[in-house]
Amino acid sequence: MYLPSQAVIQDITIENSRIKTYTLAFTDKEYQRNFSYAPGQFMMVSVPHCGEAPISFASSPTRPGTIELSVRKAGELTSRLHSLPAGSMIGLRGPYGKPFPMEELAGKDLLFVAGGIGLAPLRSVITFCLDSGKYGTITLLYGSRTPEDIAFQADIEMWRKAGVDCRLTVDESSSDWQGNVGVVTTLLPQTMPLSSSTVSLVCGPLVMIDFVIKELTQMGLKDEDIITTMERHMKCGVGVCGHCHMDDKMICVDGPVFSKKELTESVAHFQEKPTVT
Amino acid sequence: MSAAYILAKDHLKSFVRKISKGSRLIAPVTNEYGDTLYSEINCLDSTQIDTQHQPQSSIKHFFLPQQESILSYSVSQAGEYHFSNILIGVPTVFFGVRSCDLAGLLYMDVIFSNPAKDPYYFKKRENSIIISLGCNEPFENCFCNATKSGPFLDFGFDLRFTDLGDRFLVEPGRKRGMEILEEFAYFFNDASEQDLKDQYQLQLESRSSFQQNVHVDLAIKKLANEEVGKDVWQDLADRCQDCGGCAYVCPTCTCFTITDQPVSESEGERVRSWDACTFAGFTRMVGGHNPVSSEHSLRRRFLHKLKYDVSLHNRTSCTGCGRCVGICFGGVDIIKFISAVCES
Ligand SMILES: Cc1cc2nc3c(=O)[nH]c(=O)nc-3n(C[C@H](O)[C@H](O)[C@H](O)COP(=O)(O)OP(=O)(O)OC[C@H]3O[C@@H](n4cnc5c(N)ncnc54)[C@H](O)[C@@H]3O)c2cc1C
Ligand code: SF4
Ligand code: FES
């Protein structure tokens, strides 16, 4: 269960100066054919000599044949990955984790709120929704630091054409930016009033998640209709190494997808005050 | 056949020699510095098995080594990147395993069975024969009576030895134990009524001579129902030096990390090594952000043992071995925590 399978980087899309999307296929064709996953799950990615890192699916299982992972250059492994050209081999094991409740979300109006690389796992969900056609209206609020940092622009164009209401914002504008300036929560009032069947999926930096969840609650969304993902240092991905432990939950197995309801029931989220060391 | 046998003490060495033929033998040995450790015995003639002192470390590291290469990988010139498992399991006889350490092993069996059998652990586990030894006299920091894992754990062993003075009472547990008794029947006599009475008496005396009085049950009930006061955590956090000693000596602390160790440009090994949830870096993420503060890493260690494992497995994963009590120079041990919970 710790044995990675070899996958080849078929294609690389540069999303911004720090994020690249990798199109991957297992070199064992049989394995690739039988491989299945769901939006919200993640893979443990191996890069030669760099160990492993958890990365969410950015692609949707509705488009089989390859998988896509979007990776932000952060530390050792992700930097090495960013230096690899197409055709290089990496190791993958998974899928791991509890996915988004795609069945339960059918028929609902979906409000996606993303910050930075947080759009990667939501990209998987949005693609899934559009491909399956079983969902209500789709709205995306996406925050980036600067206009140059806006990732997934090609996807956003495609989604707009498919009828997704995409609204972008940047923290700091530059001269030729016509759009909204401010953190992603400043876009929330534009979505009012929310339909009674709205469910919100929130993904991004921890601070952003906290603020967005607070506002969504004030806007009247019930705890079970706010869904987010938790990020923790992970080593095994299968609930054994202890690294992603949060009270009685293991984020890698019981998450990373949680509703606000589940998080409120788990005391630690509110007791474990974030500290920057 | 009765279910208990007698082995004369004079025959212990020859019996142990017989059953460990072709296997590695691990038993408690006191070294020249006075430390008692479960050690590999190469020459039984020149080595004394120590059945009197508590081993300072558990048998955990024989199954989950402090550092273990679990995979080897290669990167070929053409870029092929392949991994293969490194599975090592030497047939091993463990003699003189104390109840707390056996309980720890049974806990690891559960931990390493989910979501699938951990191949590296079970390769070792399935190659092991466990001969336990009841504790006639609890040691200074022991409280296994309160964690219900000793001093005479009734299950999980292949054979259980009880020291009756000039002889051992030997009982089979799992199937392998029965097979050993049959194969080496000539060493044994059936135990008499009196032998069993003697054992019963010893167990009673042992149970009544614990020096530590630890209210594990009460703490478990309180923890299930109420929050621990902030001052309790703060007090413990102030004194924790973040050394990880408690986790290292603990038979049921199994957290690990995984890293790559390159051997050359084109080859390397993936290594699994012990980690401790009390380390500051345990949850630190890229960029230095740590979602868990130090006070809460202690919370994680203690509540894991006394709350979450109770709700998951119906029993505490502290086996009452008392080792963290002996090792922590800051006094941040589980007995202190349990007392603080009970008093608050
Ligand atoms: C469920 C989940 C999904 C994710 N999805 C994505 C995604 O889709 N895209 C994306 O870009 N990122 C994602 N991340 C974040 C990503 O996993 C990290 O950015 C990545 O692990 C950083 O690895 P690195 O080697 O580049 O960083 P480094 O900090 O250099 O880490 C090197 C290695 O050491 C470990 N490490 C780091 N700090 C410590 C420490 N203090 N002590 C011990 N070990 C340490 C790391 O886990 C890593 O294995 C996700 C994370 C999680 C938990
Ligand atoms: S917590 Fe302490 S007393 Fe309990 S099993 Fe671990 S080391 Fe032994
Ligand atoms: S990553 Fe190892 S337990 Fe979750």
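Keep in mind that what you see is a predicted model, and the values were worked out from it rather than measured.

Side note on the overall build of chain B
Regarding its fold elements, chain B presents 13 helices and 13 strands. Taken over C-alpha atoms, the radius of gyration comes to 22 Å for chain B, in line with the 20 Å a tight globule of 344 residues would show. Oriented by its inertia axes, the alpha-carbon framework of chain B measures out at about 65 × 65 × 40 Å. In chain B, which comprises 344 residues, the share counted as buried stands at 56%.

Thoughts on the site of ligand 1
The full set close to ligand 1 counts 24 residues, and Pro54, Arg72, Glu76, Leu77 and Thr78 of chain A are the nearest of them. More than one chain approaches ligand 1, the contributing ones being chains A and B. At 2.5 Å from an oxygen atom of ligand 1 is found a side-chain nitrogen or oxygen belonging to Thr78 of chain A. The element best represented in the shell around ligand 1 is strand β4 (residues 52–56) of chain A, accounting for 5 residues. The residue inventory of the shell around ligand 1, partitioned by class, reads 11 nonpolar, 6 polar and 7 charged.

A word on the interface of chain B and chain A
Contacts between the two partners involve 51 residues from chain B and, on the opposite side, 39 residues from chain A. Both faces considered, chain B and chain A share a buried interface measuring about 3700 Å² in area, 58% of it formed by carbon and sulfur atoms. Inspection of the region where chain B meets chain A yields 1 salt bridge. Two residues, Arg270 of chain B and Glu52 of chain A, come together in a salt bridge whose shortest N-O distance is 3.4 Å. Across the contact surface, chain B and chain A share 12 residue pairs in polar contact (both at pLDDT 80 or more). The set of elements that each furnish at least two residues to the side of chain B that touches chain A consists of β4 (67–75), β5 (81–85), α4 (119–125), β11 (256–262), β12 (267–274), β13 (289–290) and α11 (294–313) of chain B. Tallied by class, residues from the side of chain B that touches chain A come to 22 nonpolar, 16 polar and 13 charged.

Digging into the domain arrangement of chain A
Residue and element names in this part refer to chain A. Domain parsing of chain A yields domain 1 (5–96) and domain 2 (102–229). Distance between the C-alpha centres of domain 1 and domain 2: 24 Å. The partner domain 2 presents 17 residues to the 18 residues of domain 1 that form the contact. Here domain 1 meets domain 2 over a buried area of about 1400 Å², counting both sides, of which 57% is carbon and sulfur. Seen at the junction of domain 1 and domain 2, the total is 2 salt bridges. Arg63 is the partner of Asp131 in a salt bridge, and the nearest nitrogen-oxygen pair spans 2.8 Å. Counting every contact that joins domain 1 to domain 2 gives 8 residue pairs in polar contact (both at pLDDT 80 or more).

Topic: the packing of aromatic side chains
Pairs of aromatic rings are described using the distance from one ring centre to the other and the angle between the two planes. Residue and element names in this part refer to chain B. Across all of its chains, the model carries 31 aromatic pairs over all chains by this definition. Relative to Phe83, the ring of Tyr81 lies with its centre 4.9 Å away and its plane at 55°, an arrangement referred to as tilted. The burial state of Tyr81 is the same as that of Phe83; both residues are buried. What links up through ring pairs into an aromatic cluster is the set Tyr5, Phe15, Phe95, Phe161, Phe168, Phe184, Tyr186, Phe187 and Phe188. In this structure, Lys60 packs its charged tip against the face of Trp274, placed 4.5 Å from the ring centre.

Some thoughts on the sheet that holds strand β5 (residues 67–72) of chain A
Residue and element names in this part refer to chain A. Strand order in the open sheet formed by 6 strands is β4-β3-β6-β1-β2-β5, with antiparallel pairing between adjacent strands. Bordering the open sheet on either side are β4 and β5, each of which pairs with just one other strand. For this sheet, the mean inter-axis angle between neighbouring strands, taken without regard to orientation, is 40°. In the sheet, strand β1 (residues 5–14) pairs with strand β2 (residues 19–26) via 7 bridges, with the strands oriented antiparallel.

Things to note about the site of ligand 2
Neighbouring ligand 2 are Phe143, Cys250, Pro251, Arg301, Lys305, Cys318, Thr319, Gly320, Cys321, Gly322, Cys324 and Ile334 of chain B. Of the residues in the shell around ligand 2, the class split is 7 nonpolar, 3 polar and 2 charged.

Comments concerning the domain arrangement of chain B
By a widespread convention, an interface's size corresponds to the accessible area lost as its parts come together. Residue and element names in this part refer to chain B. Once the domains are mapped, chain B shows domain 1 (5–66 + 89–207) and domain 2 (216–251 + 277–343). For domain 1 versus domain 2, the distance between C-alpha centres works out to 28 Å. If you look at the interface, domain 1 gives 25 residues, while domain 2 gives 23 residues. Buried surface at the junction of domain 1 and domain 2, both sides included, amounts to about 1700 Å², of which 52% is carbon and sulfur.

Thoughts on the environment of Ile19 of chain A
Tracing the chain through its elements places Ile19 of chain A in strand β2. With relative accessibility at 4%, the residue Ile19 of chain A sits in the buried group.

A look at the sheet that holds strand β8 (residues 159–163) of chain B
Residues and elements named next belong to chain B. With mixed pairing, 8 strands are arranged side by side in an open sheet as β3-β2-β6-β7-β8-β9-β1-β10. At either end of the open sheet lies a strand with only one pairing partner, and these are β3 (36–40) and β10 (189–190). Bridge count for β8 against strand β9 (residues 167–172) is 5 bridges, and the pairing is antiparallel. Along β9, the bridge assignment pairs Leu159 with Pro172. Sheet strands touched by helix α6 (residues 175–183): β1 (5–8), β7 (128–133), β8 and β9. Its angle to β9, the strand with the most contacts, is close to 130°.

What counts, and at which threshold
- Residues numbered from 1 in each chain as written.
- Chains lettered and ligands numbered in written order.
- Predicted model: local features only at pLDDT ≥ 70, side-chain atom pairs only at ≥ 80, totals over all residues.
- Heavy atoms only, no water.
- Helix = DSSP H or I, 4+ residues; strand = E, 2+ residues; numbered from the N terminus.
- Rg over C-alpha atoms; globule rule 2.2 N^0.38 Å.
- Buried < 20%, exposed > 50% of the residue type's maximum accessible area, 1.4 Å probe, protein only.
- Near = heavy atom within 4 Å.
- Polar contact = N/O pair within 3.5 Å; in protein donor to acceptor, adjacent residues only side chain to side chain.
- Nonpolar A, V, L, I, M, F, W, Y, C, P; charged D, E, K, R; others polar.
- Contact = heavy atoms within 4.5 Å.
- Buried area = accessible area lost by both parts, 1.4 Å probe.
- Salt bridge = Lys/Arg side-chain N within 4 Å of Asp/Glu carboxyl O.
- Domains from an automatic or database assignment.
- Phe/Tyr/Trp six-rings, centres within 6.5 Å; stacked < 30°, edge-to-face > 60°.
- Lys NZ or Arg CZ within 6 Å of the ring centre and 35° of its normal.
- Pairing = 2+ DSSP bridges.
- Axes fitted to C-alpha atoms, helices over the stretch in contact; angles between N-to-C directions.

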